[in-house]
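Now for the letters of each chain:
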Amino acid sequence: MIVLFTDFGLAGPYMGQVRAVLQRLAPAMPVIDLFADAPMRNPKAASYLLAAYAPWFPAGTVFLGVVDPGVGGERPALVVQADGRWYVGPGNGLFEILHRRADASEVFEIVWRPTILSASFHGRDLFTPVAALIARGEAPPGEKRPADFARHGDWPDDLAEVIYVDHYGNAMTGLRAALLPPDARLVAGHRRIERARTFGGMPAGTALWYENSTGLAEIAVNMGRADDALGLVIGSAVQIVS
């Protein structure tokens, strides 16, 4: 399958144009919409989000990942193979965390260029055709690079920030809950937040944090919106306290 992970949004023509290219080049391949609202222009936050969700997909999956504020600039175009899954997109750190956590990985720099390549929409013109090609079982059209190519080694293993706010106003962090002490509290929006197993573990209107369904520490308000109640946005800092 091909999995779409972008910050394009669902309004406007962008996702439709990407899907049109996939339908033309890989018509038999299922296409899954994972995120169209990945952290906008923020490949760092998006990297932790993608790394949390990718393991739910089987080996052989091709991820088309486009969070690319430097489109048309000097950042390289990459194909990363990590633990049997393929990732196609910009070399701006978007694949850093999943690459780092993988048991086995390879990196290729895409050297192929289409006849027509717009300066501002590499997602449609470059990355989508390459994703379709790999999904059809063909070799990546690139040159193998060293493991440290286009890496961001200064990024932390876990990010103590909000990386996504969902439809309900819950704020996902870049912290893996299993690595936090069982009695840890989080501080966000100037509030100290207790851990609970799920929403109903706290009274209505009370903030809590819990291990979400992908293993991330997530901040919520029972029967409310954590983003409004705590003033949280993508990039809001989170502290771990005892």
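For the structure, see preceding data.
Because the structure is a prediction, the values reported are computed rather than measured. (Residues numbered from 1 in each chain as written. Predicted model: local features only at pLDDT ≥ 70, side-chain atom pairs only at ≥ 80, totals over all residues. Heavy atoms only, no water.)

A.B. asks: Even after reading the chapter, I still don't get the pairing of strand 4 (residues 77–82), so can you show me in this structure?
C.D. replies: Regular strands show a simple pattern: their side chains alternate between the two faces of the sheet. Where burial is concerned, most of strand 4 is hidden: 6 out of the 6 residues are buried. Inspection of the sheet shows strand 4 paired to strand 5 (residues 85–90) by 6 bridges, in the antiparallel sense. From the neighbouring strand, Val79 faces strand 5, where its bridge partner is Val88. Hairpin connection of strand 4 to strand 5: 2 residues between the antiparallel strands, including Asp83 at a positive phi of 50 degrees. When strand 4 meets strand 6 (residues 105–110), the two strands line up antiparallel, connected through 5 bridges. By the bridge assignment, Val79 is partnered in strand 6 with Phe108. (Buried < 20%, exposed > 50% of the residue type's maximum accessible area, 1.4 Å probe, protein only. Helix = DSSP H or I, 4+ residues; strand = E, 2+ residues; numbered from the N terminus. Pairing = 2+ DSSP bridges.)

A.B. asks: How do you make sense of the pattern of salt bridges when you look at a structure like this?
C.D. replies: If the charged atoms of two oppositely charged side chains come close together, the side chains can form a pair. With the rule as written, the count across this model stands at 15 salt bridges. The salt bridge involving Arg19 is made with Asp33; its shortest N-O contact spans 2.6 Å. Residue Arg19 is found in helix 1 (residues 14–25), and its partner Asp33 is found in strand 2 (residues 31–35); the two are separated by 14 residues along the sequence. Residue Arg19 is classed as partly exposed on the basis of its relative accessible area of 33%. We classify Asp33 as partly exposed; its relative accessible area is 48%. Salt-bridge contacts for Glu109 lead to Arg145; the nearest nitrogen and oxygen are separated by 2.8 Å. On the criterion of sequence distance, the pair formed by Glu109 in strand 6 and Arg145 in strand 7 (residues 142–145) is long-range, its members being 36 residues apart. On the basis of relative accessibility, which here comes to 25%, the residue Arg145 falls in the partly exposed class. Each of the salt bridges in this network shares a partner with another, and the network as a whole consists of Glu96, Arg100, Arg151 and Asp157. (Salt bridge = Lys/Arg side-chain N within 4 Å of Asp/Glu carboxyl O.)

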